[in-house]
Amino acid sequence: ETGVTQTPRHLVMGMTNKKSLKCEQHLGHNAMYWYKQSAKKPLELMFVYNFKEQTENNSVPSRFSPECPNSSHLFLHLHTLQPEDSALYLCASSQKTSGDQETQYFGPGTRLLVL
Amino acid sequence: AQRVTQPEKLLSVFKGAPVELKCNYSYSGSPELFWYVQYSRQRLQLLLRHISRESIKGFTADLNKGETSFHLKKPFAQEEDSAMYYCALKGNNNDMRFGAGTRLTVKP
């Protein structure tokens, strides 16, 4: 599959579980992002990675732990989540170049339900 | 702080009618503004960006720095335009902020 892929597409977990979300981009981009999309809030940027280095962490609780082993893969490790963390988690990638508006390409998302 | 406001959560128009989705922003520097769209059962995707000054699928958006707005317009709406539309702003720190979104429904 081309573009940005995310697995799993759906996930149900208990509050004591540990799970990971995976994102892979096949576009040769150098930046990757995690967003949270919940029903009652705007799309929220969680983490940004440029060239595998984390550059943004928008006050995200430590129960969310990102990992970027290379420029094509991004993980979001989940541990002791709360029911309010139930949301659609979107991954995106872009090619950051100077002097240009880079476009972000989004994956289909992982629908997470925390019980 | 950067903020994006889309005042309308829902917008409904008839096919062939003009449509305008409002977006206002708050940012002290020079913003980069985008409109993203999410059609039913499809992923979020870029519709247009202000620097390109292009028309995509008949939509245009003009950055008005005086009014700090970036409204999305189309003179004649089509049923296939029904979707969720998000206005987004990227500041100098590369942090992308999205508005809450407006769900556009174009009725036949």
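Numbering of residues starts from 1 in every chain and runs along the sequence as written. The naming scheme follows written order: chains are lettered A onward, ligands numbered 1 onward. Confidence filtering applies because this is a predicted model: local features only for residues at pLDDT of at least 70, side-chain atom pairs given and counted only at 80 or more, and all residues used for totals across whole chains, interfaces and linings. The side-chain quantities take in all heavy atoms of the structure and omit both hydrogens and water.

S.K.: Help me understand the overall build of chain B in this model?
M.R.: Where helices and strands are cited, they refer to DSSP runs of H or I of at least four residues and of E of at least two residues respectively, numbered from the N terminus. In terms of helices and strands, chain B carries zero helices and eleven strands. For chain B, the succession of helices and strands along the chain, N to C, is β-β-β-β-β-β-β-β-β-β-β. For the radius of gyration, the atom set is restricted to C-alpha positions; the globular benchmark scales as 2.2 Å times the number of residues to the power 0.38. A globule of 108 residues ought to have a C-alpha radius of gyration of about 13 Å, and chain B, at 13 Å, matches this closely. By the burial criterion, 44% of the 108 residues in chain B qualify as buried. Nonlocal contacts in chain B, meaning residues at least 24 apart in sequence, comprise 58% of its contacts between residues at least 6 apart. Only protein chains enter the accessibility calculation, which uses a 1.4 Å probe. A residue is then buried if its area is under 20% of the maximum for its type, exposed if over 50%, and partly exposed in between. Residue contacts are counted whenever heavy atoms from the two residues lie within 4.5 Å of one another.

S.K.: What is the right way to look at the interface of chain B and chain A in this model?
M.R.: Interfaces are often sized by the amount of accessible area the parts lose when they come together. Of the residues lining the interface, 21 residues belong to chain B; the matching set on chain A comes to 18 residues. When residues of chain B are sorted by the area they lose upon contact with chain A, R43(B), L44(B) and F98(B) head the list and together hold 33% of the total. Any carboxyl oxygen of Asp or Glu within 4 Å of a side-chain nitrogen of Lys or Arg constitutes a salt bridge here. Applying the counting criterion to the chain B and chain A interface returns zero salt bridges. Distance and chemistry together define a polar contact, namely a pair of N or O atoms within 3.5 Å, with one atom able to donate a hydrogen and the other to accept it when in protein, and with adjacent residues in sequence counting only for side-chain atoms on both sides. Summed over the shared surface of chain B and chain A, the result is five residue pairs in polar contact (both at pLDDT 80 or more). Of all the secondary structure elements, the ones that give two or more residues to the side of chain B that touches chain A are β5 (32-38), β6 (45-49), β9 (83-90) and β10 (96-98) of chain B. Residues are sorted three ways: Asp, Glu, Lys and Arg are charged, Ala, Val, Leu, Ile, Met, Phe, Trp, Tyr, Cys and Pro are nonpolar, and all the rest, Gly among them, are polar. For the side of chain B that touches chain A, the class distribution of residues is ten nonpolar, five polar and six charged. By buried area we mean how much accessible surface two parts lose on assembly, using a 1.4 Å probe and totalling the loss over both.

S.K.: Would you mind going over the sheet that holds strand β3 (residues 19-21) of chain B with me for this structure?
M.R.: Each strand in a sheet pairs with its neighbour through backbone hydrogen bonds, running either in the same direction (parallel) or in the opposite one (antiparallel). Residue and element names in this part refer to chain B. Any two strands between which DSSP finds at least two bridges are classified as paired. Strand order across the open sheet formed by three strands is β3-β8-β7, with antiparallel pairing between neighbours. Each having just a single partner strand, β3 and β7 (60-61) make up the two edges of the open sheet. Sheet topology places β3 next to strand β8 (residues 72-74); three bridges connect them, and they run antiparallel. Across the sheet, residue L21 finds its bridge partner in β8, namely L72.

S.K.: Looking at this structure, how should I read the state of the cysteines?
M.R.: Disulfides are covalent bonds that connect the sulfur atoms of two cysteines. Cysteine sulfur atoms that pair up within 2.5 Å are treated as a disulfide. The full count for this structure, using the stated rule, is two disulfides over all chains. The partner cysteine of C23(A) in its disulfide is C91(A), sulfur to sulfur 1.9 Å. Between C23(A) and C91(A), the S-S dihedral sits near -75°, and the bridge is therefore left-handed. With C23(A) in strand β3 (residues 18-25) and C91(A) in strand β9 (residues 87-94), the pair connects residues that are 68 residues apart, well separated along the chain. There is no split in this pair, since C23(A) and C91(A) are both buried. At a sulfur-sulfur separation of 2.0 Å, the disulfide partner of C23(B) is C87(B). One disulfide, between C23(B) and C87(B), carries an S-S torsion of -65° and so falls in the left-handed class.

S.K.: When you look at the environment of H73(A) in this model, what are you seeing that I'm missing?
M.R.: Residue and element names in this part refer to chain A. Among the secondary structure elements, H73 is positioned in strand β8 (residues 73-79). Residue H73 is classed as buried on the basis of its relative accessible area of 18%. Here H73 is in contact with K22, C23, E24, M32, E67 and C68, once residues within four sequence places are set aside. In terms of polar contacts, H73 uses its side chain to reach the side chain of E24, at 3.4 Å. Among the polar contacts made by the side chain of H73, one reaches the side chain of N70 at a distance of 2.9 Å.

S.K.: Explain the pattern of salt bridges here, please?
M.R.: Opposite charge on two side chains permits pairing when their charged atoms draw close. Residue and element names in this part refer to chain A. All told, the structure shown has five salt bridges over all chains when counted by the stated rule. A salt bridge links R63 to D85; the nearest nitrogen and oxygen atoms lie 2.7 Å apart. Within this pair, whereas R63 is found in the loop between β6 (53-57) and β7 (64-70), its partner D85 is found in the loop between β8 and β9, the two being separated by 22 residues in sequence. By relative accessible area, which is 23% here, R63 ends up partly exposed. Looking at D85, the relative accessible area reads 2%, which means it is buried.

S.K.: Explain the environment of L90(A) to me, please; I cannot follow it from the model alone.
M.R.: Here L90(A) lies in strand β9. On the basis of relative accessible area, L90(A) is assigned to the buried category, the value being 1%. Note: C-alpha distance between L90(A) and Y35(A) (55 residues apart in sequence) is 4.9 Å. When near neighbours in sequence (up to four residues on either side) are disregarded, L90(A) contacts Q6(A), Y33(A), W34(A), Y35(A), Q37(A), L43(A), F106(A), G107(A), P108(A), G109(A) and L44(B).

Limitation: the analysis is restricted to geometry and does not speak to function.
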